Amino acid sequence: MRFESQSPEETFSFGERIGREARPGSVYCLSGELGVGKTVFAKGFSRGLGVTETVSSPSFPILKSYEGRLKLYHFDVYRIGDPSEMEEIGYEDCFYGGEGVSLVEWPERIRELLPEDAVLVRIEKDLQKGLDYRLITVGGREEC
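Here we summarise the structure given alongside this text.

Scoring rules and cut-offs
Residues numbered from 1 in each chain as written. Predicted model: local features only at pLDDT ≥ 70, side-chain atom pairs only at ≥ 80, totals over all residues. Heavy atoms only, no water. Buried < 20%, exposed > 50% of the residue type's maximum accessible area, 1.4 Å probe, protein only. Helix = DSSP H or I, 4+ residues; strand = E, 2+ residues; numbered from the N terminus. Contact = heavy atoms within 4.5 Å. Phe/Tyr/Trp six-rings, centres within 6.5 Å; stacked < 30°, edge-to-face > 60°. Lys NZ or Arg CZ within 6 Å of the ring centre and 35° of its normal. Axes fitted to C-alpha atoms, helices over the stretch in contact; angles between N-to-C directions. Parallel < 35°, antiparallel > 145°, perpendicular 65-115°, else oblique. Left-handed = near helix turned anticlockwise from the far one by under 90°. Nonpolar A, V, L, I, M, F, W, Y, C, P; charged D, E, K, R; others polar. Polar contact = N/O pair within 3.5 Å; in protein donor to acceptor, adjacent residues only side chain to side chain.

## Some points on helix H2 (residues 38-48)
The set of residues buried in H2 consists of Lys38, Phe41, Ala42, Gly44, Phe45, Ser46 and Gly48. Its buried side turned inward, H2 meets helix H1 (8-21), strand S2 (27-31), strand S4 (72-76), strand S5 (101-105) and strand S6 (119-125). Two residues or fewer after H2 comes glycine 50, characterised by a positive phi angle close to 85 degrees.

## Some words on the packing of aromatic side chains
Any pair of aromatic rings gets described here by the distance separating the centres and the angle formed by the planes. Evaluation of the coordinates by the stated rule reveals eight aromatic pairs. Here the aromatic rings of phenylalanine 3 and phenylalanine 14 are separated by 4.5 Å at their centres, their planes lie at 5 degrees, and the arrangement is stacked. Taken together, the residues span a long stretch of sequence, with phenylalanine 3 in strand S1 (residues 2-5) and phenylalanine 14 in helix H1 at a distance of 11 residues. Owing to a relative accessible area of 22%, phenylalanine 3 belongs among the partly exposed residues under this scheme. Judged by its relative accessible area of 2%, phenylalanine 14 is buried. Ring centres of phenylalanine 95 and tyrosine 96 lie 6.4 Å apart, and the angle between their planes is 65 degrees; on these two criteria the pair is classed as edge-to-face. Exposure remark for tyrosine 96: the relative accessible area of 49% places this residue in the partly exposed category. Site record: aromatic cluster; members linked through ring pairs are Phe3, Phe14, Tyr28, Phe41 and Phe45. Over the aromatic face of tyrosine 78 sits the side chain of arginine 109, whose NZ or CZ is 4.7 Å from the ring centroid.

## Here we look at the packing of H1 against H2
Packing of H1 against H2 brings their axes to within 6 Å, and their N-to-C directions diverge by 40 degrees. In terms of axis orientation, H1 runs oblique to H2. Once H1 is placed against H2, the crossing between them reads as right-handed. Between H1, through Pro8, Thr11, Phe12, Phe14, Gly15, Glu16, Ile18, Gly19 and Arg20, and H2, the contact on the second element is made entirely by Val40, Phe41, Lys43, Gly44, Phe45, Arg47 and Gly48. Looking at side-chain class alone, the contact of H1 with H2 contains seven nonpolar, five polar and four charged residues.

## Concerning the environment of serine 56
Mapping serine 56 onto the fold places it in the loop between H2 and strand S3 (63-66). Serine 56 sits in the partly exposed class, given a relative accessible area of 30%. Separated by 39 residues in the primary sequence, serine 56 and arginine 17 place their C-alpha atoms 19 Å from one another. In contact with serine 56, other than residues within four places in its own chain, are Lys64, Tyr66 and His74. Of the polar contacts made by the side chain of serine 56, one reaches the side chain of lysine 64; its length is 2.6 Å.

If you want it as structure tokens, here you go:
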């Protein structure tokens, strides 16, 4: 699936749509360079899950969780140096617990830990199409 966003509001709305479709046990991998709008998408995604708290990038703690119609486990693994560090966080309970939904920013850093059925959401800029333009592609884990 491909979506062309012309504004942060459209990116938020698309994230919300994907969040509404999320099912228990799903893992979504959110990929894109710094400043591309991953946090905007994550905020929309969380709204689609019924989260009422303000969602922010969990950069320092690596994992934040939020309550909604499904529990959201929001990972930012940018600072992970070795995938084995994820064991200390208890990622397996989140990825394989089956009750919540995991959203992982910078998934390429822990590629080998991701479930086979993880969904990749890639956000890309194209400055020739405008400062706010984003191409959002949703596909399978193999694209990570």
